[in-house]
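Understanding the architecture of this molecule
Chain residues, written in single-letter form:
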Amino acid sequence: MRLVKLLALASVLTVLMASVAMAGPVFDRIQKEKKIRIGIMTDSIPGAFYNEKGEWGGFDYDMATEVAKRMGVEIERVQVNNKTRIALVQSGQIDLSVSNMTHTRERDKSVDFSLTYFFDGQKILAKKGQFKTIKDMVGKKIATMQGTTSEINVRRALKEAGDPNAEANVISFQKESECFQALQNGRVAGWSTDASILVGYAAKTPGQFELVGDFLSDEPYGMAMPQDDSALRDAVNAAIQDMWKDGTYKTIYNKWYGPGTPFEMPLAGQIEMWP
């Protein structure tokens, strides 16, 4: 009998130790300080950006704010861009990156991701009436953002369309706003990135630009966080799922992408729900 009790106690201790181990240092610190540092973009319209009044807002901005609220902690918002959003997670300067980032297997080697919280796809934006498909753009310059999946995808698409100089014809910039400026002033014939971003910038000058051709890729967005912190990942996933379940997600989505908005884009997917 004594042996049975000892074995039972050992089993309980093992489970407790495992649950403590899964908590992770980042989640523990967040709970202790009651604050989470979240990286958010600043010029990714309408994901996260500064408006004319210098106010920060956008879909990702609202999602990040709501995640922190549901975790019961305050939010510290940190500016990130395409180049820094993973590095700041890895260095511990932010706890979570909500920055229109596609969840890829390659990125998953560096950081962990939440479940998909936004469903996008890559397209090309060009001046209205000039092109119908990417084949019409062979030999033309196309802008994209440096260090993104968009950069890889548009080079591949140009090669498949028959462009012998696809590498040279993709011009990479650091920021979305720089890509749009290059398109406006004619330095490039098109700009390729996620459709939600393109629609956001095109809305600045209604009627001048349009999306060209088919989607070049699917772009499932995930929220990035430090590796191997199961409790943090579970807390973020639970917040996203609860937002979907009670309608908060669709309220935020319709605020930025719903009917009648400048960035109207039908919701293309459904949040993965766990019982």
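For the structure, see preceding data.
An account of the accompanying structure is given in this report. What you see is a predicted model, and the numbers here were worked out from it, not measured in a lab.

Each value, and the rule that gives it
Residues numbered from 1 in each chain as written. Predicted model: local features only at pLDDT ≥ 70, side-chain atom pairs only at ≥ 80, totals over all residues. Heavy atoms only, no water. Pairing = 2+ DSSP bridges. Helix = DSSP H or I, 4+ residues; strand = E, 2+ residues; numbered from the N terminus. Axes fitted to C-alpha atoms, helices over the stretch in contact; angles between N-to-C directions. Phe/Tyr/Trp six-rings, centres within 6.5 Å; stacked < 30°, edge-to-face > 60°. Buried < 20%, exposed > 50% of the residue type's maximum accessible area, 1.4 Å probe, protein only. Lys NZ or Arg CZ within 6 Å of the ring centre and 35° of its normal.

**Some points on the sheet that holds strand E10 (residues 170-173)**
- Taken together, 5 strands build an open sheet; the order of strands is E10-E9-E11-E8-E12 and the sheet is mixed. One side of each edge strand has no neighbouring strand; the edge strands of this open sheet are E10 and strand E12 (209-221). The mean inter-strand angle of the sheet, taken between neighbouring strand axes irrespective of direction, is 25 degrees.

**Examining the packing of aromatic side chains**
- With the rule as written, the count across this model stands at 19 aromatic pairs.
- Considering the side-chain rings of Phe59 and Tyr117, the 6.4 Å spacing of their centres and the 5 degrees angle between planes classify their relative orientation as stacked. In this pair, Phe59 is assigned in helix H3 (residues 59-71) and Tyr117 in the loop between strand E7 (112-113) and strand E8 (118-127), connecting sequence segments 58 residues apart. Note on accessibility: Phe59 and Tyr117 belong to one class, buried.
- Ring centres of Phe118 and Tyr253 lie 6.0 Å apart, and the angle between their planes is 35 degrees; on these two criteria the pair is classed as tilted. In this pair, Phe118 is assigned in strand E8 and Tyr253 in helix H11 (residues 248-257), connecting sequence segments 135 residues apart.
- Counting every residue linked through ring pairs, the aromatic cluster contains Phe59, Tyr117, Phe118, Tyr221, Trp244, Tyr249, Tyr253 and Tyr257.
- The ring centre of Phe215 lies 4.9 Å from the NZ or CZ of Lys123, which sits over that ring.

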